[in-house]
Amino acid sequence: MNVLVVNAGSSSLKYQLLNTTTGEVFAKGNCERIGIDGSFIGHSENGKKDTLEVALPDHKTAIKHVFDILKTVDQPIEGIGHRVVQGGWYFPESKVVTDETLGWVREVAPLAPLHNYAEADVIEICREMFPELGNVIVPDTAFHYNMPEHAWRYAIPRDVVDTYHVRKYGAHGTSHRYIWRTVDEFTNHETHKLVSCHLGSGASLCAIEDGQCMDTTMGLTPLDGLVMGTRCGAVDPATVFYLNRVANMSIDEIDTMMNKQSGLLAVSAKSSDSRDIEAGMNEGDEKCAMALEMFYYRTSQLFAEMAASMEGVDTMAFTAGIGENSVTMRQGVADRLAWMGVKIDPELNAIRSDDPRVISTPDSKIRVLVVPTNEELMIALDVEALLG
Ligand code: AMP
């Protein structure tokens, strides 16, 4: 089945047209700076990349351009899959778009206002433009929804939890689900307790026992957990009250600071990109060295937390930008887990490949893999399962 996968962000819209049987990607691209001056579409097809400078005042215009561009691809679109950041309390799994399910995406939008409203608008436009095509909602939170109550519940009053739906929702669920599926197949179903380590500009770990999410490091929102590119990860929640009262910072200012000006960027005082930070460390920059040290420290700590949620771990899988590419950062995290019996082979770790691979030594107590993620394929497979 040929599926168009759409991933709408607050000012961007990524798309990919692929086939679920062969995994072939016919075309993909990104509409950037939607609603901002200087908008453009980066499109690639048959290994050729083009940049189209076009006015993109809103997501509606962007998706119309995408459909125009895709007319040149000699492949029919047979279904559309929409990545939705927050599925809230309505989506334990992906669902076909109806008036009701689309309403749910909007109803839970206060939990992810920068994303869900744009995503709902794009879904609506797709339905209007192509009423004959089925659309599927694939929330990034769905995989985590049925984690045990002791993992999702926060120890705050029950009426607050119930009225405002305050709980751990997690994120990167589509990636973690794809990683489970790939690891399960790659290890001939020998994996039972997996910690999936999605380390990119956003980063989260997920404890997965026999395909079931047992816990994850992101919380009500993707701000919780690990140190990320520009997000602080877990801090004492009272930091917010303190800064509001004492530093006179507004809630919005603290929100921006913690989401956009923190993490590796803040500690390194240089960049949110791990490549720049690794380069800085190699040049003797102490702040960059501290940023990396904190990344290893927190990732290894939360790895142990994920293992505790399953009372054990047999496999660890690195994925996403850092997890798939950074030899140094994989080694740094593994070194801090040597006490748990994690041992990676430096030669295997240095191999670059687009295929899943083992990088641990034969005597490592925990098997360590690098597994390239493919959220688009996972979304497309959900579309096929629901519409195919
Ligand atoms: P993602 O959000 O999964 O696209 O990951 C993006 C992040 O991955 C970038 O900000 C970099 O920090 C990191 N990254 C990407 N490529 C490399 C690489 N070759 N070596 C080290 N880090 C990388």
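Residues numbered from 1 in each chain as written. Predicted model: local features only at pLDDT ≥ 70, side-chain atom pairs only at ≥ 80, totals over all residues. Heavy atoms only, no water.

Time to look at the sheet that holds strand β9 (residues 193-199). Reading across the sheet, the six strands line up as β11-β10-β9-β12-β14-β13 and stay open at both edges, with mixed pairing between neighbours. Since the sheet does not close on itself, it has two edges, and those belong to β11 (212-216) and β13 (357-358), each with one partner. Examined bridge by bridge, β13 and strand β14 (residues 367-370) share two bridges and lie antiparallel to one another. From the neighbouring strand, R357 faces β14, where its bridge partner is V370. Those strands touched by helix α6 (residues 173-186) are β9, β10 (203-209), β12 (315-319), β13 and β14, and its axis lies near 130 degrees from that of β9. (Pairing = 2+ DSSP bridges. Helix = DSSP H or I, 4+ residues; strand = E, 2+ residues; numbered from the N terminus. Contact = heavy atoms within 4.5 Å. Axes fitted to C-alpha atoms, helices over the stretch in contact; angles between N-to-C directions.)

Our focus in this paragraph is the site of the ligand. Contacts to the ligand come from G200, S201, D273, S274, R275, A320, G321, I322, N325 and S326. Take I322: an N or O atom from its main chain is 3.4 Å from an oxygen atom of the ligand. Taken by itself the ligand offers 500 Å² of open surface, and the protein chains cover 70% of this. If you list the elements that add at least two residues to the shell around the ligand, you get α10 (274-282) and α12 (320-325). (Near = heavy atom within 4 Å. Polar contact = N/O pair within 3.5 Å; in protein donor to acceptor, adjacent residues only side chain to side chain. Areas by Shrake-Rupley, 256 points an atom, 1.4 Å probe, with all protein chains shown as cover.)

Attention shifts here to the UniProt feature "binding site: substrate" (unreviewed entry) in the protein. UniProt tags R83 as "binding site: substrate" (unreviewed entry). With respect to the element layout, R83 can be found in strand β6 (residues 79-84). With sequence-adjacent residues up to four places away left out, R83 is seen in contact with V6, N7, E119, V138, D140 and I379. (UniProt positions renumbered as here; feature names shortened; annotations may be inferred.)

This part is about the UniProt feature "binding site: Mg(2+)" (unreviewed entry) in the protein. Those places that UniProt annotates as "binding site: Mg(2+)" (unreviewed entry) correspond, in this numbering, to N7 and E375. The annotated residues occupy 369 residues of the chain but converge on a single region, no pair of C-alpha atoms lying more than 10.2 Å apart. Topologically, N7 is positioned in strand β1 (residues 2-8). Leaving out residues up to four positions away in the same chain, N7 has contacts with S12, L13, K14 and R83. With respect to the helices and strands, E375 occurs in helix α15 (residues 375-387).

Formed by 39 residues in total, the largest nonpolar core has its most connected members in L199, L205, F303 and M316. Looking at this core element by element, the count peaks at 10 residues for helix α11 (residues 286-310). Contacts of F303, omitting those with residues within four sequence positions, involve V195, C197, L205, V313, M316, L337, M340 and I366. In terms of nonpolar packing, the next biggest core, distinct from the first, is built from 28 residues, V136, M147, C206 and V383 among them. (Core = buried A, V, L, I, M, F, W, Y, C linked by side-chain atoms within 4.5 Å. Buried < 20%, exposed > 50% of the residue type's maximum accessible area, 1.4 Å probe, protein only.)

Next up on the list: the sheet that holds β1. Across the sheet, which stays open at both edges, the eight strands sit in the order β5-β4-β3-β2-β1-β6-β8-β7 with mixed pairing between neighbours. Each having just a single partner strand, β5 (48-53) and β7 (95-96) make up the two edges of the open sheet. Pairing of strand β2 (residues 13-19) with strand β3 (residues 25-32) involves six bridges; the strand directions are antiparallel. In the sheet register, L18 faces β3, and the bridge partner there is V25. Sheet strands touched by helix α1 (residues 59-70): β1, β2, β3, β4 (40-45), β5 and β6. Its angle to β2, the strand with the most contacts, is close to 30 degrees. Running over the sheet, α15 touches β1, β2, β6, β7 and β8 (135-139) and is turned about 125 degrees from β6.

To continue, consider the pattern of salt bridges. Under the defined criterion, the tally for this structure stands at 13 salt bridges. The partner of D68 in a salt bridge is K71, with the nearest N and O atoms 3.0 Å apart. Among the residues examined, D68 registers a relative accessible area of 44% and is labelled partly exposed. Classification of K71 by relative accessible area gives exposed; the value is 65%. One salt-bridge network, in which partners are shared between bridges, spans R106, D121 and E124. (Salt bridge = Lys/Arg side-chain N within 4 Å of Asp/Glu carboxyl O.)

This part is about the pairing of β3. With antiparallel pairing between neighbouring strands as the criterion, β2 and β3 make up a hairpin whose turn holds five residues, including G23 at a positive phi of roughly 75 degrees. Two strands pair when backbone bridges link them, and β3 and β4 are joined in this way by six bridges, in the antiparallel orientation. Paired with C31 across the bridge in β4 is I41.

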